[in-house]
Structure formats: structure tokens, C-alpha cells
Amino acid sequence: MIPFLLRRALQAIPTLLLASVLIFFVISLAPGDFLTPAKLNPNISPEQIANLERSFGLDRPVWQQYFLWLGNMLRGDFGLSFQYQQPVLGVIWPRIVNSLWLVLLITVIFYAVSIPLGVFGAVRQNSLGDKSVNVVLYFLLGFPSFFIALIVLYFIVQARFATGWDIPIGGMRSENHAELSPLAQALDIARHLIIPALILAITDAAGLTRVIRGQMLEVMRSDYIRTARAKGVSERTAIWKHTFRNAILPIVAGIGGTLPGLIGGAGFIEVVFAYPGITPMLLNAINTQDLYLIAGFTMITTVLLIIGNAISDILLAVVDPRVSVS
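Our subject in this report is the structure included herewith. Please read these numbers as outputs of a predicted model, since none were measured by experiment.

Quick word on empty space enclosed by the protein
On inspection of all chains with the given rule, the structure shows one cavity of 30 Å³ or more. Approximately 30 Å³ is the volume attributed to the largest cavity. Together, Leu117, Gly118, Gly121, Asp130, Val133, Asn134, Leu137, Thr209 and Arg213 line the largest cavity. Breaking the lining of the largest cavity down by element, the ones donating at least two residues are α5 (88-123), α6 (128-141) and α8 (182-220). Tallying contributions element by element places α6 first for the lining of the largest cavity, with four residues.

Here we look at the pattern of salt bridges
When the charged atoms of two side chains with opposite charge come close together, those side chains can pair. All chains considered together, the criterion is met by five salt bridges. For Asp166, the salt bridge goes to Arg160, with nearest N and O atoms at 3.7 Å. Taking the relative accessible area as the measure of exposure, Asp166 reaches 54% and is therefore exposed. Residue classification places Arg160 among the partly exposed positions, given a relative accessible area of 28%. Here Glu235 ties to Arg229 by a salt bridge, and the two come within 2.7 Å at their closest N and O atoms.

Notes on the layout of surface pockets
If you add up the space inside the largest pocket, you get close to 250 Å³. What lines the largest pocket is a set of 15 residues, among which Ile27, Ser28, Gly32, Asp33 and Leu291 lie closest to the centre. Breaking the lining of the largest pocket down by element, the ones donating at least two residues are α1 (2-28), α4 (62-74) and α15 (291-319). Considered class by class, the residues forming the lining of the largest pocket number nine nonpolar, four polar and two charged.

Observations regarding unusual backbone geometry
Backbone geometry at Gln85 places phi at a positive 55°, although glycine is not the residue there. In this structure, Gln85 sits in the loop between α4 and α5. Although it is not a glycine, Ala274 adopts a positive phi angle of roughly 50°. Tracing the sequence through the fold places Ala274 in the loop between α13 (267-272) and α14 (278-288).

Points about the nonpolar core
In this structure, Leu102, Ile106, Ile199, Met216 and Phe273 are the most contacted members of the largest nonpolar core, which totals 44 residues. Mapped onto this core, the elements with two or more residues apiece are α5, α6, α7 (145-163), α8, α10 (235-247), α11 (249-253) and α15. In contact with Phe273, other than residues within four places in its own chain, are Ala149, Leu153, Ile169, Gly170, Gly171, Ile195, Pro196 and Ile199. Counting residues in hydrophobic clusters, the runner-up holds 29 residues, among them Phe24, Leu70, Ile294 and Ile300.

Section: the side chain of Asp290
When you line up the elements, Asp290 lands in the loop between α14 and α15. Salt bridges are absent for the buried Asp290, whose nearest opposite-charge side chain, Arg95, sits at 11 Å. Separated by 2.6 Å, the side chains of Asp290 and Ser81 make a polar contact. At a separation of 3.2 Å, a polar atom in the side chain of Asp290 contacts the main-chain amide nitrogen of Gln83. In contact with Asp290, not counting residues within four places along its chain, are Ser81, Phe82, Gln83, Tyr84 and Ala285.

Regarding a nonpolar patch on the surface
Taken together, the side chains of Phe139, Phe143, Phe146, Phe147, Leu150, Ile151, Tyr154, Phe155 and Phe268 make up a nonpolar region of the molecular surface, amounting to roughly 910 Å² of accessible area. Tallying contributions element by element places α7 first for the nonpolar patch, with six residues. Residue placement: Phe147 occurs in helix α7.

Re the side chain of Asn98
Summarising the element assignment, Asn98 is placed in helix α5. With relative accessibility at 12%, the residue Asn98 sits in the buried group. Residues contacting Asn98, with those up to four places away along its chain left out, are Met172, Tyr275, Pro276 and Gly277.

With respect to the packing of aromatic side chains
A full pass over the atoms with the stated rule returns ten aromatic pairs. Here the aromatic rings of Phe24 and Tyr292 are separated by 6.3 Å at their centres, their planes lie at 40°, and the arrangement is tilted. In this pair, Phe24 is assigned in helix α1 and Tyr292 in helix α15, connecting sequence segments 268 residues apart. Judged on exposure class, the residue Phe24 and its partner Tyr292 are both buried. Each residue in the set Phe24, Phe25, Tyr66, Phe67, Trp69 and Tyr292 is aromatic and connected to the rest through ring pairs, giving one cluster.

What counts and what doesn't
- Residues numbered from 1 in each chain as written.
- Predicted model: local features only at pLDDT ≥ 70, side-chain atom pairs only at ≥ 80, totals over all residues.
- Heavy atoms only, no water.
- 1 Å grid on protein atoms, 1.4 Å probe; cavity = no way out; pocket = protein on both sides within 12 Å on 5 of 7 lines; lining within 4 Å.
- Points joined across faces, edges and corners; volume = space filled by probe spheres on them.
- Helix = DSSP H or I, 4+ residues; strand = E, 2+ residues; numbered from the N terminus.
- Salt bridge = Lys/Arg side-chain N within 4 Å of Asp/Glu carboxyl O.
- Buried < 20%, exposed > 50% of the residue type's maximum accessible area, 1.4 Å probe, protein only.
- Nonpolar A, V, L, I, M, F, W, Y, C, P; charged D, E, K, R; others polar.
- Core = buried A, V, L, I, M, F, W, Y, C linked by side-chain atoms within 4.5 Å.
- Contact = heavy atoms within 4.5 Å.
- Lys, Arg positive; Asp, Glu negative; His and termini not counted.
- Polar contact = N/O pair within 3.5 Å; in protein donor to acceptor, adjacent residues only side chain to side chain.
- Patch = residues over 30% accessible without salt bridge, like charges linked within 9 Å, V, L, I, M, F, W, Y side chains within 5 Å.
- Areas by Shrake-Rupley, 256 points an atom, 1.4 Å probe, with all protein chains shown as cover.
- Phe/Tyr/Trp six-rings, centres within 6.5 Å; stacked < 30°, edge-to-face > 60°.

These figures capture arrangement, not role.
Quick look at the structure:
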């Protein structure tokens, strides 16, 4: 296991270097920079603009800016956010933690919904329950998550007016959050997380449920499953130990992109529910061309992708004895 992790760490070095070059120079290709609005303001003199460019390092060639940023990043400094005038890591880390809380809850609900429904659809193929689930899944697959979120928000607002219940419709904390006990604060955050997590998890689970159902049906028709049943293996063992374990191999192999994918996928939900996650801040950073904030976040998601792929390979070796990480 340790040689595998060391080999992956060495392989990650050129990947991260190439990613840093692409990220920095692609962002720099955009016309203008963070000071463009100031340059268009007639009340700001050219001398003031020149001073600002020197203070932000924007008066240097792009390649010099890149190597300065790369050198600082190797020391754990992702640069200074133009907009917030604070270190990038200090700005984005609280937002990443907020998004991770939401993503973790989404992941739990996502697999808790899609795996049982996918297995049920394969075991009870073409039954009334399977057809009913398929109708709901096709409906969910046909609409983007943010559109369903808007519909849910409409019904929540109507329910609040009709019942007077304090159902959270945005943000991460209530106004009186600081006055609550630690347990009440945790419950308050959970109340704000559950609705957006349910919406995104259930809409995303529609696709995975179809994949699991198809994989299960394919494996269930295999000769070794028929042989296992002929030998008297119980139906539960045939389904969960022999069929499901082999059916989820392609899904386990794709877990590597799940974490950064879910953080990105949660973006629309964060915007609709005004959740203080990474996406609203990132959209604002793109709008203001906050170079180091965008580049820093993109590098962190690249690292998450590499870590996710390593975890995916380890899980694949755990699930499938034929695969060895060594």
C-alpha cells in the first residue's frame, strides 16, 4: 500500500505542474484584469492605477507572475485575493468546508437512494414497483436540479404561509444561531442542509440508479451466477455477494471524480438556496477576474481529483480481489 501511495504522489507532481500552467495562463488569456473597471473610471488617475498594478504584481509579464505564484504556492501561499485583500487559502477554506458539509450529506443520500432502487429494479424487473420507479426516474432525469429546486422553494414558501412553520429556505444558519446551544447549532445547520441535499441527491441518484440496474441485470445473466444458484446459494447471497459486488466495479472505478464533481454539481443548488459555499464566491471571483482566487481553488480541486482517484483504486482492490494496488 505504501509503495502505491508513494508512486501516486510522484505521478501527481507533473500532473499538478501541467495543471498549474494551464490554469494560470488560460485565466490570464481573458481580456482585461481586476483593475479594468478602475482604468475605465475617469476619477482614478493613471498614477493611482500604476501604483495598484505594482501592489498587485500586475505590472509584470504573465510568466513572471506565474513563477512567483508557483513559488509561493510550493510554500503553502496561494497568493492574495484582489477582491478580499486576504490570503486566498483563508478566503476559500471556510467556503470549501461549507461545501464539503453539503456534499457529504448529498453523497450519503445519493448512494442510500440509488443503490437500493437500482438493485430493486434489477431483482424485480418489469414489476409494478420497477415501472413506477422508472417513471419517477425519467421525470427527474428530464429536469435540471436547479429547476426542481426552484419548484421546491415555491412549495416551501406556500407551506410557510399556510402553516407558519419556520422551514429554512436559504443560507446555512438561522439569525439566532449564535445564541443557541452547541447541539441546537448543529441541528440548525442540519435543518438548512437537508432540503438542498435531498434535492440534489435524489435528482443525481436517478442516473446512477439506472446504471446500477443495468449492471445488475447484465451480471445476473452470467454463467457463474446461474452456477451459484444451482449449487444452492441463497438468493440474498447471490444478489448482494456475487451480483452486486461485481456490478458496482465500474461505479467504484469512477469514484475518483465524484468529490470534485459533487462540489461543482452542488454549485447551482448553492446559488438557488443562497448557501455560503464555494460556487457563489467563485462566480463572483470570475466576474471580477480575481486571478489568484480562481487559480487557487482550481488547484485545490485538482488535488482532490488526484486523491479521489487514489481512493478509487484502493476501493477497487478491496471490492475486486483480482485487482492489486501493488
